[in-house]
Amino acid sequence: MPNYDYDIGVIGGGAGGLTVTAGAAQLGAKTLLVEKENELGGDCLHFGCVPSKTLIKSAHVYHLMKNSRKFGLPAMDPPRVDFREISKRIRSVIATIQLHDSEERFCKLGAQVEFGQPTFADEHSIRLNGNIYSAKAWVIATGSSASVPPIKGLAETPHITNKEIFYLDRLPESMVILGGGPIGSEISQAFNRLGTRVSLVDMAPRILGQEDPDMADLVRDVLSSEGVRFYLNSAIEEIKDLGSEKEVRLKTKEGNSISLRAQTILVAVGRAPNTKGLGLEDIGVAYNQRGVEVDNRLRTSHKHIYAAGDVNGGYQFTHAAGYEGGIVISNAIFRLPRKVDYTFLPWCTYTDPPLGSIGMNESRAGKAGIDYTVWTEEFKDNDRSLAEGGSIGRIKMILNEKEKPIGVQILGPNAGDLLAEWVAVLNGNVKLSTLAAAVHPYPTIAEINKKVAGTFFSPKIFSSKIQKGLKFFFHLKGRACPDDVCSE
Ligand SMILES: Cc1cc2nc3c(=O)[nH]c(=O)nc-3n(C[C@H](O)[C@H](O)[C@H](O)COP(=O)(O)OP(=O)(O)OC[C@H]3O[C@@H](n4cnc5c(N)ncnc54)[C@H](O)[C@@H]3O)c2cc1C
């Protein structure tokens, strides 16, 4: 049997790679982690989730300051934002989290960390900084980068992506955002709230194309009402560098030409897998534009080489990368043939209000040919939501033909956190009646979860048939208030 230097080698120190490294090392596998940047943590920590959510919080507070009168407070006219201060806060939050993702921590767990850009020398070895490292199993967890589309003039015109947006040294006066996915939508609201004039362009007829149209349109309405200008159904014809400004020329679906000018262009039209330079073609690991091809155990075309996280072109979330890291550990370390199952993978877009999703929505259920019903509850009927100043949004619960919950969509305050209860309900096969009967603390936004479950039972419990039965058996006397009083 060949003698390899390591039991497992991991390429990429982000959410996926770090999960595998921590798990494998703690289980006693001799583990090598290779990261091309100087620090661990990946896109999520440095250019993704953490900076974006920190920015969103600053923008939210500034928005509240400007809207203080809505809360019965004196009117405020806060001074202009100094973006360097926001960047400073972002860096400080990252620095705190970085301690958890440090080389020292992983070394203490038992893994060896090397920095540099490796290339596969053969199916079991990489070349790195002039050395060869071999491992029995490998994990490619190199993530993804903003994909820059071949739009005429874009390459020649200065533009930014998620790598630069959180580290600007001043707040742009104006910004055109290309792409109305989660990243474009979150950033558009945050910068608009901070005082940038934001225009968002997308070829699609609506933003957040993965979501049900009614929910996505509500998000767009909120953003529009705050001042974000949308150019949907619009193809970009050309981008030009005019010096201090850039021009984006569009053609709408109706054939109208529009010219937008802005100081900054943010490209957020999707993600491309980080496969370059790894030498995958030389060792026969198959990949395409979407990512490294994997089976349902995350094995590539070489069964001992796995691909986890954004690089495999699947769900592009930190928790998906972490989950996939766990699948790799089962297969590569425990040798248990565990397959991925994304049925109840939740996600959330952190606009205000945020839009969260788990399982089936109407669009996906429809496409899957499921005979579903939808049960809704509005946030305007949630006491805590009103007290907090939020009345927009709703929760939608999707039941299948057997009246079993198969998905939940939430547009409203704390949507991401509200999903947690549904994570337990759906994964734990908890009965809807259990959720509807469980006492929730009052007043909480989470009461909406219980309420929506209750909407399914109330028509049955309070039906005229049940009333008739109770009247018959227990001689109940019926209505106390005459009908004509409430019909007035
Ligand atoms: C603006 C933004 C906001 C986001 N917000 C959220 C959110 O709120 N919630 C959420 O769940 N997800 C969010 N995401 C997505 C999330 O960041 C990714 O899904 C997650 O980082 C994927 O983890 P990963 O391990 O696959 O890749 P990464 O975290 O990117 O890690 C890959 C690592 O591999 C390294 N690497 C790349 N190439 C090589 C190479 N050749 N050799 C060695 N190392 C290499 C990289 O430097 C990096 O450290 C956001 C993304 C962006 C861009």
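Parameters and conventions
Residues numbered from 1 in each chain as written. Predicted model: local features only at pLDDT ≥ 70, side-chain atom pairs only at ≥ 80, totals over all residues. Heavy atoms only, no water. Phe/Tyr/Trp six-rings, centres within 6.5 Å; stacked < 30°, edge-to-face > 60°. Helix = DSSP H or I, 4+ residues; strand = E, 2+ residues; numbered from the N terminus. Lys NZ or Arg CZ within 6 Å of the ring centre and 35° of its normal. Near = heavy atom within 4 Å. Polar contact = N/O pair within 3.5 Å; in protein donor to acceptor, adjacent residues only side chain to side chain. Areas by Shrake-Rupley, 256 points an atom, 1.4 Å probe, with all protein chains shown as cover. Nonpolar A, V, L, I, M, F, W, Y, C, P; charged D, E, K, R; others polar. Pairing = 2+ DSSP bridges. Axes fitted to C-alpha atoms, helices over the stretch in contact; angles between N-to-C directions. Buried < 20%, exposed > 50% of the residue type's maximum accessible area, 1.4 Å probe, protein only. Lys, Arg positive; Asp, Glu negative; His and termini not counted. Salt bridge = Lys/Arg side-chain N within 4 Å of Asp/Glu carboxyl O. Contact = heavy atoms within 4.5 Å. Expected span 1.5 Å × (residues − 1). Disulfide = S-S within 2.5 Å. Parallel < 35°, antiparallel > 145°, perpendicular 65-115°, else oblique.

1. Observations regarding the packing of aromatic side chains
Given two aromatic rings, one states the distance between the centres and the angle between the planes to describe the pair.
Thinking step 1. The full count for this structure, using the stated rule, is eleven aromatic pairs.
Thinking step 2. Between the aromatic rings of Phe 47 and Tyr 167, the centroid separation amounts to 6.2 Å while the plane-to-plane angle is 85°, which identifies the pairing as edge-to-face. A residue pair is termed long-range when its members are at least 10 positions apart, and Phe 47 in the loop between α2 (42-46) and α3 (49-66) and Tyr 167 in the loop between β7 (144-146) and β8 (174-178) qualify at 120 residues.
Thinking step 3. Members of the aromatic cluster, each reached through a chain of ring pairs, are Tyr 315, Phe 317, Tyr 323, Tyr 342 and Trp 347.
Thinking step 4. The ring of Tyr 6 carries the charged tip of Lys 30 above its face, separated from the ring centre by 5.1 Å.
Thinking step 5. Above the ring of Phe 106, the side-chain terminus of Arg 105 is found at 5.0 Å from the ring centroid.

2. Describing the site of the ligand
Thinking step 1. As a structural note, the neighbourhood of the ligand is formed by 34 residues, with Gly 16, Glu 35, Lys 53, Asp 310 and Thr 318 the closest of them.
Thinking step 2. At a separation of 3.2 Å, an oxygen atom of the ligand approaches a polar backbone atom of Asp 43.
Thinking step 3. At a separation of 3.4 Å, an oxygen atom of the ligand approaches a polar backbone atom of Cys 44.
Thinking step 4. Considering the ligand on its own, with 990 Å² of exposed area, one finds that the protein chains cover 93% of that surface.
Thinking step 5. Elements with a contribution of two residues or more to the shell around the ligand: α1 (15-26), β2 (31-35), α2, α3 and α9 (318-332).
Thinking step 6. Each residue belonging to the shell around the ligand can be placed in one class, and the counts come to 13 nonpolar, 14 polar and seven charged.

3. Considering the sheet that holds strand β11 (residues 234-241)
Thinking step 1. If you walk across this open sheet you meet the three strands as β11-β12-β13, and the pairing is antiparallel. Each of the sheet's edge strands pairs with one partner strand only, and the pair in question is β11 and β13 (257-262). The average angle at which neighbouring strand axes cross in this sheet is 20°, direction not considered.
Thinking step 2. Taken together, the seven bridges between β11 and strand β12 (residues 246-252) define a ladder with antiparallel strand orientation. The residue bridging Ile 236 from the neighbouring strand is Leu 250, located in β12.

4. Some thoughts on the side chain of Glu 447
Thinking step 1. Within the fold, Glu 447 resides in helix α14 (residues 447-461).
Thinking step 2. Nearest to the buried, unbridged Glu 447 among oppositely charged side chains is Lys 451, at 7.3 Å.
Thinking step 3. In this structure, Glu 447 is in contact with Asn 382, His 440, Pro 441 and Tyr 442, ignoring residues within four places of it in sequence.

5. Some thoughts on the pairing of strand β6 (residues 131-140)
Thinking step 1. With seven of its ten residues buried, β6 lies for the most part within the structure.
Thinking step 2. Of the strand pairs in this sheet, strand β1 (residues 6-11) and β6 are connected by five bridges, and their pairing is parallel. Directly across from Ile 8, in β6, lies its bridge partner Ala 137.
Thinking step 3. Examined bridge by bridge, strand β5 (residues 125-128) and β6 share four bridges and lie antiparallel to one another. When the sheet's bridge partners are listed, Ile 126 is paired in β6 with Tyr 133.
Thinking step 4. Two successive antiparallel strands, β5 and β6, enclose a turn made up of two residues, where Asn 129 displays a positive phi of approximately 50°.

6. As for the environment of Asp 82
Thinking step 1. Position of Asp 82 relative to the elements: it lies in the loop between α3 and α4 (83-98).
Thinking step 2. Note on Asp 82: relative accessible area 31%, which makes it partly exposed.
Thinking step 3. Sequence separation of Asp 82 and Asp 169 is 87 residues, and the distance between their C-alpha atoms is 8.4 Å.

7. Considering α3
Thinking step 1. With 18 residues, α3 should cover 26 Å at 1.5 Å per step; its first-to-last C-alpha distance of 26 Å lies within 8% of that length.
Thinking step 2. Taken together, the buried positions of α3 are Val 50, Pro 51, Ser 52, Thr 54, Leu 55, Ile 56, Ser 58, Ala 59, Tyr 62 and His 63.
Thinking step 3. Where the residues of α3 are buried, they touch α2, α4, α6 (182-194) and α7 (213-226).

8. Quick look at the state of the cysteines
Thinking step 1. Under the counting rule described, the total for this entry stands at one disulfide.
Thinking step 2. Each sulfur of the disulfide joining Cys 44 and Cys 49 lies 2.5 Å from the other. Measuring handedness by torsion sign, the sulfur bridge of Cys 44 and Cys 49 sits at about -130° and is left-handed.
Thinking step 3. Judged by its relative accessible area of 30%, Cys 49 falls in the partly exposed class.
Thinking step 4. Left without a disulfide partner, Cys 348 is nearest to the cysteine sulfur of Cys 49, which lies 12 Å away.
Thinking step 5. Using a relative accessible area of 11% as the deciding quantity, one classes Cys 348 as buried.

9. Focus: unusual backbone geometry
Thinking step 1. The peptide bond linking Asp 352 to Pro 353 adopts the cis configuration, its omega dihedral lying at 0°.
Thinking step 2. Counting through the fold element by element, Pro 353 comes out in the loop between β17 (347-349) and β18 (355-359).
Thinking step 3. Residues Tyr 442 and Pro 443 are joined by a peptide bond in cis, for which omega reads -10°.
Thinking step 4. Within the secondary structure layout, Pro 443 lies in the loop between α13 (432-437) and α14.
Thinking step 5. Backbone geometry places Asn 414, a non-glycine residue, at a positive phi of 60°.
Thinking step 6. Structurally, Asn 414 is set in the loop between β21 (405-411) and α12 (415-427).
Thinking step 7. Residue Asn 414 is classed as partly exposed on the basis of its relative accessible area, which comes to 42%.
Thinking step 8. A positive phi angle, close to 55°, is found at His 475, a residue other than glycine.
Thinking step 9. Position of His 475 relative to the elements: it lies in the loop between α15 (464-474) and α16 (483-487).
Thinking step 10. Among the residues examined, His 475 registers a relative accessible area of 64% and is labelled exposed.

10. Observations regarding the packing of α12 against α14
Thinking step 1. Where α12 meets α14, the closest approach of the two axes is 9 Å, and the angle between their N-to-C directions is 50°. As summarised for this structure, α12 and α14 are arranged oblique, according to the angle between their axes. In contact with Leu 418, Glu 421 and Trp 422 of α12, α14 contributes Ile 448, Asn 449 and Val 452.
Thinking step 2. Its residues placed into classes, the contact of α12 with α14 shows four nonpolar, one polar and one charged.

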